[in-house]
Amino acid sequence: MKNASFQTLLDDLKISIRFALRNVISYVLAIIGVFLVTIILIAIVAAFVFVPIFISPGGLEAFTAWAESFNEWSTTGGVTIATGIFLIVLPFVAPFFVAIGALFGMAREIVESEGTSAEGVFTWYKKKFVSLAGGGIVLFLFILGPVMIVILGLVALFGEQVLNVAFIGAGSTTTMNPLIFALGVIWFVISTGLMTMLLPAIIDGYSVIEATKKSIRMGIQYFDRVFGIWISYILLILVLVAPLFIMALPMVWGPLELILIPLGIYGVIAGLFIAIVVLPAISIGFTRVYMILSADDEDLVIEQGDEEVGPGFVGGL
């Protein structure tokens, strides 16, 4: 029950998508609501970050000079720029992940009772704001923090010219780009996979630290189930996005206007489906898997005479 098989992962996808479709209106309204609130919060954070810069003596000129340095990316100041971006983006992460975490609260309601309401997202938004904000910062640092540490370590060992070798790839160094890209993808999948249970654990009442430990522990102990469902969603999104690249290939030799119309139509349809069905399904799927993995074995119920096997408290499945 807690371990993965092809059929189990397929059921996870089917159940989460079906629940997302059943509650699509609630999710659409909730996404619109939290999006607007998030924009307001990000604007407030931006005011706290940038207003002191602009009103301080010499602040605007210094900030302008720093921004213009992006046009002259080189080994000189490269680490400073990368670190600056990292530190500036960090405060804006919290409102974004609070919004995502609130959707996981809706997913919890769906998993437990097969239904939710758009108003419920704001209940979770207010109830778990601090914890979800902290979880978002932890998630951001867990994924990108090691990358920054590696960059700074390489620069300390080999000098700032390593940035040209690793990321710009001028001249003979272009052969390193595929390796860097592959390592980046592998780290992204592993780090995000270990953190997939973080938001469900916070919604479950754990503190940020305990939720982080629980997520990593589940990712290691039930590696096949946790990473199986995560990679399944990644593959689903890639399948939906792949036709865009396939349809764009004839643009090299075909009439541009004849290709842009179907490309645009499919792009809009695929984008809407991912936004209002797949992303809610991900929150439902992760929450459902979290509840299965965190339940005691005696709490797991197999419904006789039904093709779907799952815990009795998960949407009646």
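None of these values were measured; they are calculated from a predicted model.

Novice: Would you take a moment to explain the side chain of S26 for this structure?
Specialist: Mapped onto the elements of the fold, S26 is located in helix α2 (residues 24-55). If we skip the residues at most four places from it in the chain, S26 touches M106, T116, S117 and A118.

Novice: What exactly am I supposed to notice about helix α11 (residues 223-248) here?
Specialist: Taking 1.5 Å as the rise per residue, α11 with 26 residues should run 38 Å; its terminal C-alpha atoms sit 37 Å apart, in good agreement. A maximum bend of about 30° is found in α11 at L240, where proline P243 lies one to four positions downstream. Burial in α11 covers these residues: R225, V226, F227, G228, I229, W230, S232, Y233 and L240.

Novice: Can you help me understand the packing of aromatic side chains in this one?
Specialist: The geometry of an aromatic ring pair is captured by the separation of the ring centres together with the interplanar angle, meaning the angle of the planes. Evaluation of the coordinates by the stated rule reveals 6 aromatic pairs. Residues W230 and F286 carry aromatic rings whose centres are separated by 5.8 Å and whose planes lie at 65° to one another, so their mutual orientation is edge-to-face. Within this pair, whereas W230 is found in helix α11, its partner F286 is found in helix α12 (residues 256-294), the two being separated by 56 residues in sequence. Across the pair, exposure class does not vary: W230 and F286 are buried alike. Taken together through their ring pairs, the aromatic side chains of W230, Y233 and F286 make up a single cluster.

Novice: How do you make sense of the packing of helix α1 (residues 6-22) against α11 when you look at a structure like this?
Specialist: Working note: a packed helix pair is described by the angle between its axes plus the distance between those axes. The N-to-C vectors of α1 and α11 enclose an angle of 60°; their axes lie 10 Å apart at closest approach. Viewed along their axes, α1 and α11 adopt a mutual orientation that is oblique. α1 and α11 meet at a crossing whose hand is right-handed. Residue-level contacts link T8, L9, D12, L13, S16 and I17 of α1 to R225, G228, I229, S232, Y233 and L236 of α11.

Novice: When you look at the pattern of salt bridges in this model, what are you seeing that I'm missing?
Specialist: Pairs can form between side chains of opposite charge once their charged atoms are near each other. Inspection of every chain in the model, using the stated rule, returns 6 salt bridges. The partner of R225 in a salt bridge is D12, with the nearest N and O atoms 2.9 Å apart. Of this pair, R225 sits in helix α11 while D12 sits in helix α1; the two residues are 213 residues apart in sequence, bridging distant segments of the chain. Of the two residues, R225 and D12, both sit in the buried class. Close ionic contact of E210 with K213 constitutes a salt bridge, the shortest N to O distance being 3.9 Å. In this pair, E210 and K213 are both assigned in helix α10 (residues 208-221), 3 residues apart and thus about one turn of the helix distant. Residues joined in a network through salt bridges with shared partners are D12, R225 and R288.

Definitions and cut-offs
Residues numbered from 1 in each chain as written. Predicted model: local features only at pLDDT ≥ 70, side-chain atom pairs only at ≥ 80, totals over all residues. Heavy atoms only, no water. Helix = DSSP H or I, 4+ residues; strand = E, 2+ residues; numbered from the N terminus. Contact = heavy atoms within 4.5 Å. Expected span 1.5 Å × (residues − 1). Bend = angle between axes of the 7 residues up to and from the residue. Buried < 20%, exposed > 50% of the residue type's maximum accessible area, 1.4 Å probe, protein only. Phe/Tyr/Trp six-rings, centres within 6.5 Å; stacked < 30°, edge-to-face > 60°. Axes fitted to C-alpha atoms, helices over the stretch in contact; angles between N-to-C directions. Parallel < 35°, antiparallel > 145°, perpendicular 65-115°, else oblique. Left-handed = near helix turned anticlockwise from the far one by under 90°. Salt bridge = Lys/Arg side-chain N within 4 Å of Asp/Glu carboxyl O.

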